[in-house]
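Single-letter residue listing:
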Amino acid sequence: MAAMRFHSLLLAAVVALTACPAEKAPEPPKAATPPPVTPTRTGKVTLLVTGHESGMLPEKAPKLLAQWKKEEGWPNALAFSTGDSFSGAALSSHFMGTPTAEVMKALQYKASALGNHDLDLGFDTLRAFREASGLTLLAANLKDKADAEQPLKLDPSLVVTREGIRVGVIGFTSAKTVATAISGRASGLDLVTLEASVGPALETLKKDNPDVVMAVIDDCFLTLQKALATRADWKIDLVVGTRCEGDQEYLKGPTKFFSVGDDLTHYVSAAFQLNADGTKTLTASRKSLDPKGAEDADLLALRDRWQKKLDEELGQKIGFTRTGFKEDAAQLRTWVATALRDESKADAALFNKKGVRASLPKGVITRASVYSIIPFDNAVVTVKVKGEALIKLKTHPEAVLVTPAKIDPAKDYVLATTEYIYFGGDGLGLEAVAPDLELTGQVWQTPVITWLEKQGCNEKKPLEKLLK
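Reading the values: rules and limits
Residues numbered from 1 in each chain as written. Predicted model: local features only at pLDDT ≥ 70, side-chain atom pairs only at ≥ 80, totals over all residues. Heavy atoms only, no water. Helix = DSSP H or I, 4+ residues; strand = E, 2+ residues; numbered from the N terminus. Rg over C-alpha atoms; globule rule 2.2 N^0.38 Å. Buried < 20%, exposed > 50% of the residue type's maximum accessible area, 1.4 Å probe, protein only. Contact = heavy atoms within 4.5 Å. Lys, Arg positive; Asp, Glu negative; His and termini not counted. Charge placed at Lys NZ, Arg CZ, Asp CG, Glu CD. Disulfide = S-S within 2.5 Å. Arc of directions from axis to C-beta. Axes fitted to C-alpha atoms, helices over the stretch in contact; angles between N-to-C directions. Parallel < 35°, antiparallel > 145°, perpendicular 65-115°, else oblique. Left-handed = near helix turned anticlockwise from the far one by under 90°. Pairing = 2+ DSSP bridges. Phe/Tyr/Trp six-rings, centres within 6.5 Å; stacked < 30°, edge-to-face > 60°. Core = buried A, V, L, I, M, F, W, Y, C linked by side-chain atoms within 4.5 Å.

So, the overall build of the protein
Line of reasoning, step 1. Helix and strand content of the protein: 15 helices and 21 strands.
Line of reasoning, step 2. For a compact globule of 468 residues, the expected C-alpha radius of gyration is about 23 Å, and the protein comes in at 34 Å, more than 25% above that figure.
Line of reasoning, step 3. Once the C-alpha set of the protein is aligned to its principal axes, its extents read approximately 155 × 50 × 40 Å.
Line of reasoning, step 4. Classification of the 468 residues of the protein by burial places 50% in the buried group.
Line of reasoning, step 5. Pairs at least 24 apart in sequence give 75% of the contacts found in the protein among residues at least 6 apart.
Line of reasoning, step 6. In the protein, 58 side chains carry a positive charge and 58 a negative one; their mean positions are 3 Å apart.

Structure below.
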């Protein structure tokens with residue numbers, strides 16, 4: 001009996017074991033996979049912008065670079081220009097921009113907007129300057145026509161990386177580049193409105209994901225400010241232009257706007273920083289170039305080398321001034337206009353007030369002096385106009401005009417001027433009222449030099465007496 005009970009218990013145990021297998025011990029939870037660690041990218045960079053240098057960099061760069069080394073952390077900074085860099089002062093223009101190209105390469109300029117005077121010395125000179133300086137010339141609002149004989153092939157934008165920061169730069173040229181270019185030089189170019197060119201330029205930059213975006217424009221910043229106001233999604237951190245009347249900066253809102261002015265009296269310094277928490281800061285200001293500052297020795301040597309060449313070629317004495325004249329002096333304008341009239345055997349002469357671009361120091365006047373005060377390579381032309389056109393020109397705020405004392409509105413007069421003025425420079429265009437022009441075969445410095453030499457100008461007969 002006991003044996004049967006034992007077998008029953010054993011059988012029950014076996015059935016229980018086969019019917020209900022023992023529960024497994026729970027497995028420990030798997031550790032959660034940590035999200036991939038994105039390296040925190042930080043860095044900072046200083047952006048330096050000049051503009052409308054007008055060939056004055058070779059002269060002023062020694063002070064500019066010394067100041068940049070002292071205050072801006074150069075050479076770790078990036079330099080840019082709003083355009084109009086090399087056509088202007090004789091020290092640059094006479095050598096077709098080569099001295100300015102050498103200086104800009106030494107100062108490590110990366111890009112520049114195309115300036116409205118950058119075509120003054122011709123397409124070949126512009127290409128040579130671009131190659132020698134290492135600059136990328138930018139013009140998002142200027143396109144080559146399909147049938148252009150000499151396409152410029154300018155980029156709309158550029159991305160430069162420095163100190164871990166990706167800097168996107170967009171360039172815009174002025175409407176004057178096409179409207180007032182010397183005849184034929186803009187025939188292969190189409191100007192696009194700013195409103196139509198900003199968006200595509202920003203889209204082009206997107207692929208490089210810049211940390212900061214800057215625009216340089218060969219015009220007052222207000223023109224671009226108006227375009228940006230039309231679209232809230234157009235994000236530009238810094239805009240630097242030139243030639244603004246009135247306020248030289250506008251700092252209200254997400255975009256900082258500045259004008260650098262003319263002739264290297266000021267520049268813009270902008271410090272950008274990318275922080276570890278992903279935030280960004282941009283601090284910018286407009287700074288004066290210290291006229292009494294120290295000078296960089298290497299750039300002094302470069303300047304002196306080109307100045308020696310200029311003196312050898314244009315250093316001949318042609319006159320004398322006891323007092324000298326400021327840039328806006330009526331006497332300088334009278335000298336230029338009178339010389340254009342007399343040497344062209346015309347009845348009258350016309351040019352623009354801004355055509356005189358530098359003061360005339362007291363002392364000896366040389367050929368180089370003339371190229372400095374009227375630097376641009378403008379050809380002299382003559383046209384026939386009615387007296388009524390001369391009377392109207394007298395009221396134009398930008399006109400410098402010498403005419404006969406009495407003007408007959410119905411009479412024809414021969415007027416000497418420059419190609420720049422004839423085709424609309426500073427709103428003084430004559431093409432509509434005088435469709436036929438004659439080329440004299442001279443650039444406008446030549447009659448000014450010749451006229452002064454004929455006057456026998458010297459210490460006893462200074463320029464002051466000739467211009468009374």
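Some words on the state of the cysteines
Line of reasoning, step 1. Counting across every chain of the model gives 1 disulfide.
Line of reasoning, step 2. One disulfide in the model links C220 with C244; its S-S distance is 2.0 Å. Disulfide C220-C244: the torsion about the S-S bond is 90°, which places it as right-handed. With C220 in the loop between β9 (212–217) and α8 (221–228) and C244 in the loop between β10 (238–241) and β11 (249–250), this residue pair connects regions lying 24 residues apart in the sequence.
Line of reasoning, step 3. Classification of C244 as buried rests on a relative accessible area of 9%.

Considering α8
Line of reasoning, step 1. Every buried residue belonging to α8 is among F221, L224, Q225, A227 and L228, and all of these are buried. Across the axial projection of α8, the buried residues extend over an arc of 160°, all falling on one side.
Line of reasoning, step 2. Those residues of α8 hidden inside the fold are in contact with β7 (165–172), α7 (194–206), β9, β10, β11 and β12 (256–259).

Focus on the packing of helix α2 (residues 57–71) against helix α4 (residues 98–106)
Line of reasoning, step 1. It is at 9 Å that the axes of α2 and α4 come closest, and there the two elements cross at 20°. The pairing of α2 with α4 is recorded here as roughly parallel in orientation. As for the relative orientation of α2 and α4, their crossing is left-handed in sense. In contact with L57, P58 and A61 of α2, α4 contributes P99, T100, V103 and M104.

Some remarks on the sheet that holds β9
Pairing between the strands of a sheet is mediated by backbone hydrogen bonds and can be parallel or antiparallel.
Line of reasoning, step 1. Strand order in the open sheet formed by 6 strands is β6-β7-β9-β10-β12-β11, with mixed pairing between adjacent strands. Of all strands in the sheet, those with a lone pairing partner are β6 (157–162) and β11, marking the two edges.
Line of reasoning, step 2. Inspection of the sheet shows β9 paired to β10 by 3 bridges, in the parallel sense. Bridged to M214 within β10 is L238.
Line of reasoning, step 3. Packing against the sheet, α7 makes contact with β6, β7 and β9, and its axis sits at approximately 155° to β7.
Line of reasoning, step 4. Each of β7, β9, β10, β11 and β12 touches α8; the most contacted strand, β12, lies at about 155° to it.

Points about the packing of aromatic side chains
Line of reasoning, step 1. As enumerated under the stated definition, the model contains 8 aromatic pairs in all.
Line of reasoning, step 2. Look at F221 and F257: their rings are 5.8 Å apart centre to centre, the planes differ by 35°, and that puts the pair in the tilted class. Taken together, the positions of F221 in helix α8 and F257 in strand β12 put the pair 36 residues apart, joining distant regions of the chain.
Line of reasoning, step 3. The exposure class assigned to F221 is buried, which follows from its relative accessible area of 2%.

Details of the nonpolar core
Line of reasoning, step 1. Core analysis: the largest hydrophobic core is formed by 73 residues, its most contacted members being L64, W68, Y109, L152, W335 and L463.
Line of reasoning, step 2. If one sorts the elements of this core by residue count, helix α10 (residues 330–343) sits on top with 6 residues.
Line of reasoning, step 3. Excluding residues within four positions of it along the chain, L152 makes contact with L114, L119, F123, L126, R130, L142, D144 and L189.
Line of reasoning, step 4. The next biggest cluster of nonpolar side chains, apart from the first, holds 25 residues, and it includes L47, L138, V160 and V260.

Side note on the sheet that holds strand β3 (residues 109–113)
Line of reasoning, step 1. Here 6 strands make up an open sheet; going across it, the order is β4-β3-β2-β1-β13-β14 and the pairing mixed. Strands with a single pairing partner mark the edges of an open sheet, and in this sheet they are β4 (136–138) and β14 (280–288). Averaged over all pairs of adjacent strands, the angle between their axes in this sheet comes to 20°, without regard to strand direction.
Line of reasoning, step 2. Direction of pairing for strand β13 (residues 266–274) relative to β14: antiparallel, over a ladder of 9 bridges. Counterpart to L274 in the pairing with β14 is K280.

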